[in-house]
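Coordinate inspection notes
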Amino acid sequence: MKVQFLLLAGVLSCSAAWAADEAPVNPVTEDGVVKIVWQSPKDFRDIESSGEIQSRYEKRLFETLTENINKEAAKILKPNQKLEMTITDVDLAGDMRPTFGATANDLRIIKDIYPPRLTFSYQVLDNDKVIMAGDEKLLDMGFMDGIKPLTDKPFIYETKMLTDWLKKTIAPQL
């Protein structure tokens, strides 16, 4: 009886440690003039990690994209304006492929047949008053076209897609 109790206690304590590492249901990231709600990331099409703990990978993805969007939005938005987004789906550029024992982790293969996609709603606020709002489904079929500088920055295709959207959609209307 004591052994069963100890085993049960051990399983429950391990479960609590695993639960502590899980990401919140709808994480929110904020940087400068940008606030993003990541709605139900577990339902996103593809944000699969290739080599790190999934919750940490998601946190890094969300913070990196928020920071990168803020850099461009800060140039476009006027003082007292803010961009709020609710991202409902993400499909990162590339596709995850198993390595079948060659390495311990799967690999993300980047090919033009696996373009990045983002689905979100947004609103631009001026002193807490909505001055612009909409829904977007971004898809960059030409994400591999053109000359690309060599870079080791993460999520460059998704960042470029969002930056282009800001320049083409938000900037002209402000």
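Next up on the list: the overall build of the protein chain. Along the backbone of the protein chain there are three helices and seven strands. Secondary structure of the protein chain in N-to-C order comes out as α-β-β-α-β-β-β-β-β-α. Here the protein chain holds 174 residues, and the buried ones make up 35% of them. The contacts of the protein chain with a sequence gap of at least 6 include a subset with a gap of at least 24, amounting to 67%. In the structure as shown, the protein chain presents an accessible area of about 10900 Å², 55% of it carried by carbon and sulfur atoms.

A positive phi angle is found at Asn80, which is not glycine, with a value near 70°. If you trace the backbone, Asn80 turns up in the loop between helix H2 (54–76) and strand E3 (81–91). Look at Asn80 and you get exposed, because its relative accessible area is 55%. Backbone geometry places Asp128, a non-glycine residue, at a positive phi of 65°. Among the structural elements, Asp128 can be located in the loop between strand E6 (117–126) and strand E7 (129–139). In this structure Asp128 comes out as exposed when scored by relative accessible area, which is 75%.

Reading guide: rules and limits
Residues numbered from 1 in each chain as written. Predicted model: local features only at pLDDT ≥ 70, side-chain atom pairs only at ≥ 80, totals over all residues. Heavy atoms only, no water. Helix = DSSP H or I, 4+ residues; strand = E, 2+ residues; numbered from the N terminus. Buried < 20%, exposed > 50% of the residue type's maximum accessible area, 1.4 Å probe, protein only. Contact = heavy atoms within 4.5 Å. Areas by Shrake-Rupley, 256 points an atom, 1.4 Å probe, with all protein chains shown as cover.

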